Amino acid sequence: MSDHRSLRAMRISAVAQALALAFGAASLNLALAPAVRAQSNATSTIYGQLPPGEGLSVLLKNLATGVQRTLQPDANGRFQATSMPPGRYQVQLLRGSAVEKSQEVEALVGQGVEANFVTINSLDTVRVSGGVKRIDVSNTNNGVTFTARELAKLPIAQDIGAIVQLAPGTYKNTNSVYGSAPSIGGSGASENSFYINGFPVTNLLTQVGASELPFGAIANAQVLSGGYSSEFGRSTGGVVNITTKSGGNQWEVGGKLTVVPASWRAKQDASYYPNTGANPLTDGKLISENLSNSKTQTYGLYAGGPLIKDQLFMFAALEQTRSESSSVAPANGQAFSKTGYSESESQVRRYLLKLDYHLNDNHHFEYTRIGDRTRGESKAFGYDYAANRSDGIQSGGSLSINCCGAGSAPGAEVDVLKYTGYLNDDVTVTALYGESKTTHSLTPFGYKPGTYQTSSSVATRVPGLSYPAGQTTGGDLPAPGSGDGQKVLRLDAEYRLGKHSLRAGIDHIKVESVVGKSQAGGGLWSYRKMSDPNTKPFKAFESPLQGGGFGTQGFYVSEVISYSIATPTSTQSAQYIQDRYQVTKDILLDLGLRNEQFTNNNSEGKPFISQKRMLAPRLSATWDFNGDGSTKLFAHAGRYHLPVPSNLSSNLASPFRSTDKFYTYTGVDPSTGAPTGLHAISDVVSANNAFGQSKDPRTIVAIDLKPLYQDELALGFEKSLSKELVVGGSLNYRTLRSTNDDTCDQRPIDAWGEAKGVDTSHYGFPCAVINPGEANSLWLDLAGDGKLTRVDISAEAWGNPKVKRNYLALNLFAEHPMRNGWYGRVNYTWSRSKGNAEGQIDSIGGGDVALTVGTDLKELMLHSYGYLPNDHTHSIRAYGLYQLTPEWTVGGNLNLTSGRPKNCKGNVPESVVEDQGYGASYFFCDGKPAPRGSFGRTPWTTQLDLNLAYSPSFVKGLTAKFLLLNVLNKKTATSYNEIREEDDHISPHYQEVTSRMSPRSARLTVEYNHAF
């Protein structure tokens, strides 16, 4: 007993010293920093222990491809194989060339798997688990990993978003601007990174969402909500890590058909105006019956096998999803609407080609080709509400390619080459080069290029004169040639040195975009009227009266030209080093350091954001508490940075034109609606000096702008109670240290000028990106002569509070591995997400990513601290499957989540400040402070999904699956309109339901695969 206590005391002392070393910060020698079990999140690691003896080695054989790797143990009998492709392996203990023992393991992406060959008695048996399921004691990642077999059997929708929702601490975004992109670990929807076979596929324009591949081509899917090592960055949320299937030595072909008939979808609830008590004409009235009719079909084919046995393999998959829907728009008191009935059709086509070439056991080459394209077509027709039918006359619609859906997958064509070299037992190198390209286009129905839009009202029209709309398309269109591309280079090397396993690498990403918008038709004729014809419009040299024509009555017209088209570029580089130091047999330290550089260039190639020397330490420790892989204690601390997306370049650093030119006129063209008999009464003028010129990149971003970055701490454990039950938990804390966003407030600049005796009265501040809540310095052209003046403004002068976003979560789980015919896992998360900023996005106030409304003025930040939109106190996720018979399998997926906080936003009282044109964007309602998140919560959501799979023994390879989503047909509201005030009255839409859970639907999938 005393020996046992002494051993336990030694272990406790050792782990205390290890944690002190990992988190002591000041005493840490970073020269040692960054992975004994070097481990990549893009591949897998197989490690273990051999018994004492001479001439022993270990042989790893991939059961699918037959590719082998032989390793020699170190002096302590340990071995590790890094950068191994995920899959099933036979691990053989060799004495000379004779096989003494053998076992099979499954290597998963981003994880380590142990294969031990140690004796525990005279019978020389293999100690595999000692009566419990061994757990991975080699990493501190917070998250879950799924294999293709598990994904095929669990009742989930066939997309990446559905996989992400299985992980604890993940929630769907409910703001239509960002679609249903996930929030992971308390972070915003733009703060996640997505990888396929190690290549980044995150949306290049906004960082919201990612390109995808055929669902059936996924081999492993890993969702990390924190704790990832210095190998990966550019994320302060989560990492979604996908590896694809590869071919093996046996040919396999297969296909699938999934149908979702319209009759298998339940009807959504009708929408009503809320009872505001202030709008009797609309309160409680019907808005829309939400009548819709949709059906979906998905076809898929795949084939994989050897082109050269044991050496060259291929896998190819094709998938197309076609959806058709129709809907009736709200009547809004109309008897007839020209666009009241709409039909839409979308085709999502995805494919994968994967080639694997093994020159020999030590040199492997991979080629991955991914295609992802979404084509959408919509049509609008007239609708007679009284007769409840369409007139069949098309009046609108559009054709889009990879475009214009909120938060939609961006689409891409991706090519990736990768090399892995096992130079010897201790040295491994990998090299990856890839490119991706995405195009975006939108062609409206009936669009007439070159024909201006027109805008008029009863008050601005000359009595008796007709004002037709010659251009049927209104608003803006994506810039011609819109698209994004990137080139990615990555090099990694691993070296094992005694108790240290060193891993280092570099990566470089070059992004190019064509982005922006232009007016449909090229411009707009805006008809106007002066009540006093002798009054001159803005900067006009004549009044309408002087211009003649209808100007003598005050009527005139403005030629409005507006566009913002940019070709920005950016580079994102990083270097990292990592040391996985096996302090003792049971204690592992993972010491990492990442250095990143982000540069954003404008359309002329001039940098306007340059963020360098961003050091991100990642420090972790794991303790195999019992020394047998049954209990793991772990801790992690890390810093994470996030780059600025390309869309900021297009909005702030691009040539922008917003001009007017005023004319009087004598008539209107009866076909185009354009004015005739024009007489100019002004030159081209611009209220914000936007004449299409490029902005000086130095004037739109604070000097030495800091990136958005976040610090993270985590403590946790995993315990294998038996071969049938594993439990665990973690405590996670994240705090946002800094963010970047735009401000448009000139008052601090004027105050600086007054204090310095500098005239700023002729300066028009065009907005600039700063670090809100901190001191910022700007270069400004105050006199408009091209000479820049440095303006230093303190945090107090800007007036914005220090940015805060704190996330605290307790995650608990219990898992029954696939054993005795069933698998199950239950996750419970308690969390708190509080602050005054979501990060790069603003789900309430809106705005583009990294250009939100919330920081434009200091008054917009008043009362902004509270529970953030992604705050859900409780969440329970339970999923699993049960093998009823060899032919029948059932699965279930239950998601119970408490509601998100509700808000009220309105006009700012004049006693606080005169509104600067932001309307109901303040945390005030009815003239009183309305602190963030203080207006209750949305209801709990409950979703239960079930499936049933049948694989008849008389047709080998055939499976029929019936999936029922939202079995209970819950239609709970998930978001509301939170804008209370509209001008000087209560909005009739305040507290209107803006999104609900999708109603019950069912789908049938028939799959067939055949192995030769």
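The sections below set out a description of the structure shown in this document. Everything quoted here is computed from the prediction, not taken from an experiment.

### Some thoughts on the pattern of salt bridges
Applying the stated criterion to the full structure yields 49 salt bridges. Glu978 is paired through a salt bridge with Arg900; the nearest N and O atoms lie 3.9 Å apart. Pair noted here: Glu978 is in the loop between β57 (973-976) and β58 (981-982) and Arg900 is in the loop between β52 (888-897) and β53 (924-925), with a separation of 78 residues, a long-range link. The residues Glu978 and Arg900 share a single accessibility class, namely buried. Put simply, Glu231, Arg234, Arg490, Asp492, Glu494, Arg503, Asp507, Arg594 and Glu596 are held in one network by salt bridges that share partners.

### Some points on the packing of aromatic side chains
Under the defined criterion, the tally for this structure stands at 19 aromatic pairs. With a centroid separation of 5.3 Å and 70° between ring planes, the pair formed by Tyr527 and Tyr665 is classed as edge-to-face. Of this pair, Tyr527 sits in strand β30 (residues 524-529) while Tyr665 is found in the loop between β36 (656-664) and β37 (667-668), placing the two residues 138 residues apart along the sequence. Overall, the relative accessible area of 0% leaves Tyr665 in the buried class. Taking the centre distance of 4.3 Å and the plane angle of 25° together, the rings of Trp888 and Tyr950 count as stacked.

### Quick notes on the nonpolar core
Phe146, Leu151, Ile160, Ile163, Leu213, Ile218 and Ile242 are the most contacted members of the largest nonpolar core, which totals 40 residues. Dropping the residues within four chain positions of it, Leu151 is found in contact with Phe146, Ile156, Ile163, Phe215, Ile218 and Ala221. Counting residues in each nonpolar core, the second largest holds 32 residues, with Ile700, Val701, Phe765 and Trp798 among its members.

### Quick word on the sheet that holds strand β7 (residues 112-114)
The three strands lie next to each other as β4-β1-β7, forming an open sheet whose pairing is mixed. Each end of this open sheet is capped by a strand with a single partner; those strands are β4 (78-84) and β7. Strand after strand, the sheet turns through a mean of 15° between neighbouring axes, direction not considered. Where strand β1 (residues 44-49) and β7 come together, three bridges link them in parallel fashion. In the strand pairing of β7, Thr45 is matched with Gly112.

### What to know about the environment of Ser441
Mapped onto the elements, Ser441 comes out in strand β25 (residues 441-444). Between the C-alpha atoms of Ser441 and Leu851, which are 410 residues apart in sequence, the distance is 23 Å. Excluding anything up to four places from it in sequence, Ser441 contacts Leu399, Ser400, Ile401 and Cys403.

### Side note on the sheet that holds strand β11 (residues 193-196)
Whether parallel or antiparallel, the strands of a sheet pair through hydrogen bonds between backbone atoms. Strand order in the open sheet formed by five strands is β8-β13-β14-β11-β12, and the pairing between neighbours is mixed. Strands with a single pairing partner mark the edges of an open sheet, and in this sheet they are β8 (142-147) and β12 (199-200). Bridge count for β11 against β12 is two bridges, and the pairing is antiparallel. Within the sheet, the bridge partner assigned to Ile196 lies in β12 and is Phe199.

### Here we look at the state of the cysteines
On inspection of all chains with the given rule, the structure shows two disulfides. Across a sulfur-sulfur distance of 2.0 Å, Cys744 and Cys767 are joined as a disulfide pair. Disulfide Cys744 to Cys767: torsion about the S-S bond roughly 110°, handedness right-handed. Here Cys744 is found in the loop between β42 (741-743) and α6 (747-756), whereas its partner Cys767 is found in the loop between α6 and β43 (768-770), with 23 residues between them in sequence. Overall, the relative accessible area of 22% leaves Cys744 in the partly exposed class. Put simply, Cys904 and Cys925 are joined by a disulfide, and their sulfur atoms are 1.8 Å apart. Residues Cys904 and Cys925 share a disulfide whose torsion about the S-S bond is about -105°; that sign makes it left-handed. Of this pair, Cys904 sits in the loop between β52 and β53 while Cys925 sits in strand β53; the two residues are 21 residues apart in sequence, bridging distant segments of the chain. Cys925 shares its class with Cys904; the two are buried.

### Considerations on the pairing of β36
The pairing of strand β31 (residues 555-566) with β36 spans eight bridges and is classified as antiparallel. The residue bridging Glu559 from the neighbouring strand is Lys661, located in β36. Relative to strand β39 (residues 679-680), β36 runs antiparallel, the two being bridged by two bridges. Its bridge partner lying in β39, Tyr663 is registered against Ala680.

### Some remarks on α6
Every α-helix carries 3.6 residues per turn, so stepping three or four residues along brings you back to the same face. Within α6 the residues assigned to the buried category are Pro748, Ile749, Trp752 and Gly753. Looking straight down α6, one finds that the buried residues subtend no more than 140° of arc, so they occupy a single side. Opposite the buried face of α6, at more than 90 degrees from it, the exposed residues are Glu754 and Ala755. Those residues of α6 that are buried are in contact with β44 (776-780), β45 (789-793) and α7 (795-798). Following α6 by one or two positions, Gly757 has its phi on the positive side, about 70°.

Analysis parameters
Residues numbered from 1 in each chain as written. Predicted model: local features only at pLDDT ≥ 70, side-chain atom pairs only at ≥ 80, totals over all residues. Heavy atoms only, no water. Salt bridge = Lys/Arg side-chain N within 4 Å of Asp/Glu carboxyl O. Helix = DSSP H or I, 4+ residues; strand = E, 2+ residues; numbered from the N terminus. Buried < 20%, exposed > 50% of the residue type's maximum accessible area, 1.4 Å probe, protein only. Phe/Tyr/Trp six-rings, centres within 6.5 Å; stacked < 30°, edge-to-face > 60°. Core = buried A, V, L, I, M, F, W, Y, C linked by side-chain atoms within 4.5 Å. Contact = heavy atoms within 4.5 Å. Pairing = 2+ DSSP bridges. Axes fitted to C-alpha atoms, helices over the stretch in contact; angles between N-to-C directions. Disulfide = S-S within 2.5 Å. Arc of directions from axis to C-beta.

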